[in-house]
Amino acid sequence: MMTSTPEPPDRQALMRRFTAPGAPFEIGERLVRGLTMRVFTTGPQTLRDIALSIGAFGDRPFVAYGGERWTYAEQAAIIAGLARCLRDEYGLRKGDRLAVSMRNYPEWTPLFWASAQLGTVLVPLNAWWTGPELQYALADATPRVIVADAERATLIAPYLSELDGEPALIEERGGGQPAAGARRWEDLLASLDPAAEPPDEQVDPDDDATILYTSGTTGRPKGAIGTHRNHVTNLLNTALSALVSATIVNGGEPPAPDPAAPQPASLCTFPLFHIAGITGLGFTALSGSRMVTQYKWNLDEARKIIQAERLSGVSGVPSVLRQLVADAAEHPGDYESLLGIAMGGAPIPPDLVTRIGGGTFAMPVAASNGYGLTETTSAVVANTGADYQARPDSVGRPAAGTDVRVVDPATGEDVGEGEVGELWFYGPNIVRGYWNNPKATAEAFTGGWFHTGDLGRIDDGWVYVVDRLKDVVIRGGENIYCAEVEAALFEHPGIDDVAVLGVPDPRNGEEAVAVIVPAAGADLTADEVRRHVGERLAAFKVPAYVVLRSEPLPRTASGKVLKRDLRSAVVSEVGAR
């Protein structure tokens, strides 16, 4: 008698099961800032709730950096003492801003959670910014205290006297002479009461928790105001997705807790000042897992860390993880502990997804993608596991409690199923607006709906992102979606990195240009590039110009190509041909 293989559990059905009334991730309707939304009604409701629970994990490893490591109990004591110090010595109160500007040092953890305990608003600042860029954000956010590493403290110090209230500067990991007016981080730590209790503070779900500045690819960065509900919604969505994935692997029933199971541990290569890095900070504490960071991305060091720490996960932008996947093909034994790779921050080329699931690693590794923006508090759409391998060109399905529309940018009206329009999102993970910028807030938010600026479509519930609205090349009346052409080019083994953009053309209005960084040792020509695209896409999408570069493409800290920086040089180059 033949028996059929049972169908794997349906991910959407499990999502509905685990968010039903009485379920562990119950969702119900609530009024949020005057708008009806579907929110998580159980579990932590604020980041403060999570911060207060950290000590319960005791001596379990929490954070690792280089040869340094801390347990949950050790960090809980530092967090409580730091929160007390910020309140009692520096006078911070609920709603005050606390700015942080540093590389991926482990001090991020106590600063983030101390701010959550105290109810202050954490303002992470881009560690890649110049002095004037830091000055702009500090003048906009008006923090009372700034914590910076030695490099950033030196950049910030000359501007302190010009800032409102002349905020206190604390220099982290200085080493040498501290910046003018700065207090050493190690001196502050030595002054903390090791037996301090967390300060009493009433923090509500819709209180402000962070101001995260956008990457500023189209102008001055804007400070997106994230509430406690925004962040907790994102973390609970992450936990819900993990439960669903574990249930699928377990044949349809949630696996029983196993105290003897290895502690989940992940290398976070996202910048911790970025929303994806903040997600890593939050989910580590929520789940009792372990987070490892580097000063900056280094592939050889990352391989050694993954092997030595027996890490189960890695998260980062696609340009970084493409390097890691290529390295795993050469050193599969060093990546045997990996179970998952989480990607985000920039468009994910479909070929990278298939390579992760296509036998590159010694053991099966699940790829996952969280699509979102700073304004959506990280992922509002996700794709993972077998679903991602089946649809590597889709960013997935909306998160629980999230609604999506596809809108004609010219009219604001919804378009039909499968048609391309601007993606709008609504839900408890959408930020409430931009700090000190009512004009930008009014332009980007309509009745709680956030206009992403991304063009996409929805087919049978699956969301597809086709391009940034501003990046579409209109050639002779035909739309060329740069992301589509880039995805086709990434399939070429001789291409290491690529960006497609438009340049003015007197005949067709615009023409597409492919700016390519060839792979090491590749003998690549413009004709070969055009032939490759022509075999996969319509003729009008084939780039009219191909520019080969030996240096890396300019990118933001979140991995997005700075096309505005490329465009002027490219226009000059192709115009001279």
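Here, every reference points to the structure presented above.
This one's a predicted model, so the numbers in the text were calculated from it and none came from an experiment.

Conventions we followed
Residues numbered from 1 in each chain as written. Predicted model: local features only at pLDDT ≥ 70, side-chain atom pairs only at ≥ 80, totals over all residues. Heavy atoms only, no water. Helix = DSSP H or I, 4+ residues; strand = E, 2+ residues; numbered from the N terminus. Rg over C-alpha atoms; globule rule 2.2 N^0.38 Å. Buried < 20%, exposed > 50% of the residue type's maximum accessible area, 1.4 Å probe, protein only. Contact = heavy atoms within 4.5 Å. Core = buried A, V, L, I, M, F, W, Y, C linked by side-chain atoms within 4.5 Å. Salt bridge = Lys/Arg side-chain N within 4 Å of Asp/Glu carboxyl O. Pairing = 2+ DSSP bridges. Axes fitted to C-alpha atoms, helices over the stretch in contact; angles between N-to-C directions. Left-handed = near helix turned anticlockwise from the far one by under 90°. Nonpolar A, V, L, I, M, F, W, Y, C, P; charged D, E, K, R; others polar. Polar contact = N/O pair within 3.5 Å; in protein donor to acceptor, adjacent residues only side chain to side chain.

A few points about the overall build of the protein chain
Then, in step 1: In terms of regular secondary structure, the protein chain is built from 17 helices and 28 strands.
Then, in step 2: Compactness check: the protein chain gives a C-alpha radius of gyration of 24 Å against a globular reference of 25 Å for 577 residues, within 12% of the reference.
Then, in step 3: Here the C-alpha coordinates of the protein chain stretch approximately 75 × 70 × 50 Å along the principal axes.
Then, in step 4: Taken over 577 residues, the protein chain has a buried fraction of 54%.
Then, in step 5: Taking the intrachain contacts of the protein chain between residues at least 6 apart in sequence as the baseline, contacts between residues at least 24 apart amount to 65%.

With respect to the environment of Ala-410
Then, in step 1: Here Ala-410 is to be found in the loop between strand E19 (403–407) and strand E20 (421–426).
Then, in step 2: On the basis of relative accessibility, which here comes to 72%, the residue Ala-410 falls in the exposed class.
Then, in step 3: Residues Ala-410 and Glu-422, 12 residues apart in the sequence, show an inter-C-alpha distance of 9.7 Å.

Comments concerning the nonpolar core
Then, in step 1: Counting residues in hydrophobic clusters, the biggest one holds 89 residues, and the most contacted among them are Leu-47, Trp-113, Ile-341, Met-343, Ile-356 and Phe-361.
Then, in step 2: The contact partners of Ile-341, leaving out residues within four places of it in the chain, are Val-314, Leu-321, Leu-324, Val-325, Ile-356, Phe-361, Val-365, Ala-366, Ala-367 and Ser-368.
Then, in step 3: Judged by nonpolar contacts, the second largest core, of 23 residues, contains Ala-141, Ile-211, Tyr-213 and Trp-435.

Concerning the pattern of salt bridges
Then, in step 1: Within the structure shown, the criterion is met by 36 salt bridges.
Then, in step 2: Taking the shortest distance from any N to any O, the salt bridge between Glu-253 and Arg-17 comes out at 3.0 Å. Here the residue Glu-253 occupies a position in the loop between helix H8 (228–249) and strand E12 (265–268), and Arg-17 occupies one in helix H1 (residues 11–18), the gap between them amounting to 236 residues.
Then, in step 3: Of the residues examined, Arg-17 reaches a relative accessible area of 36% and is grouped as partly exposed.
Then, in step 4: Here Glu-511 ties to Arg-475 by a salt bridge, and the two come within 2.9 Å at their closest N and O atoms. Here Arg-475 lies in strand E24 (residues 473–475) and Glu-511 lies in strand E27 (residues 509–518), a separation of 36 residues in the sequence.

Structural notes on the sheet that holds strand E26 (residues 495–505)
Then, in step 1: As summarised here, the arrangement of the 3 strands in space is E26-E27-E28, forming an open sheet in which the pairing is mixed. Since the sheet does not close on itself, it has two edges, and those belong to E26 and strand E28 (545–548), each with one partner. The average undirected angle you get between the axes of adjacent strands in this sheet is 25 degrees.
Then, in step 2: Relative to E28, E27 runs parallel, the two sharing 4 bridges. For Val-513, the partnering residue across the bridge sits in E28 and is Tyr-545.

Things to note about the packing of helix H11 (residues 318–330) against helix H12 (residues 350–357)
Then, in step 1: Contact geometry for H11 and H12: axes closest at 11 Å, N-to-C directions at 35 degrees. Relative to H12, H11 is oriented so that their crossing is left-handed. When H11 is examined against H12, the residues Pro-318, Leu-321, Arg-322, Val-325 and Ala-326 are found in contact with a partner set consisting of Asp-351, Leu-352, Arg-355 and Ile-356.
Then, in step 2: Tallied by class, residues from the contact of H11 with H12 come to 6 nonpolar, no polar and 3 charged.

Re the sheet that holds strand E18 (residues 397–398)
Strand pairing in a sheet is mediated by backbone hydrogen bonds. Such pairs are either parallel or antiparallel.
Then, in step 1: A sheet is described by the order of its strands in space; here 9 strands give the open sequence E4-E3-E13-E12-E14-E15-E16-E17-E18, paired in mixed fashion. Each edge of the open sheet carries a strand with a single partner, namely strand E4 (68–71) and E18.
Then, in step 2: As judged from the 3 bridges shared by strand E3 (residues 61–65) and strand E13 (residues 290–293), these two strands associate in the parallel manner. Across the sheet, Ala-64 pairs through a bridge with Val-292, a residue of E13.

Details of the side chain of Thr-360
Then, in step 1: On the secondary structure map, Thr-360 appears in the loop between H12 and strand E16 (366–373).
Then, in step 2: Overall, Thr-360 belongs to the buried group, its relative accessible area being 16%.
Then, in step 3: At 2.6 Å, the side chain of Thr-360 and the backbone oxygen of Arg-355 are in polar contact.
Then, in step 4: If sequence neighbours within four positions are ignored, Thr-360 has contacts with Val-325, Ala-328, Ala-329 and Arg-355.

Re the environment of Ala-522
Then, in step 1: Along the chain, the position of Ala-522 falls in the loop between E27 and helix H16 (526–534).
Then, in step 2: You can call Ala-522 partly exposed: its relative accessible area is 33%.
Then, in step 3: With 29 residues separating them along the chain, Ala-522 and Pro-493 place their C-alpha atoms 8.4 Å apart.

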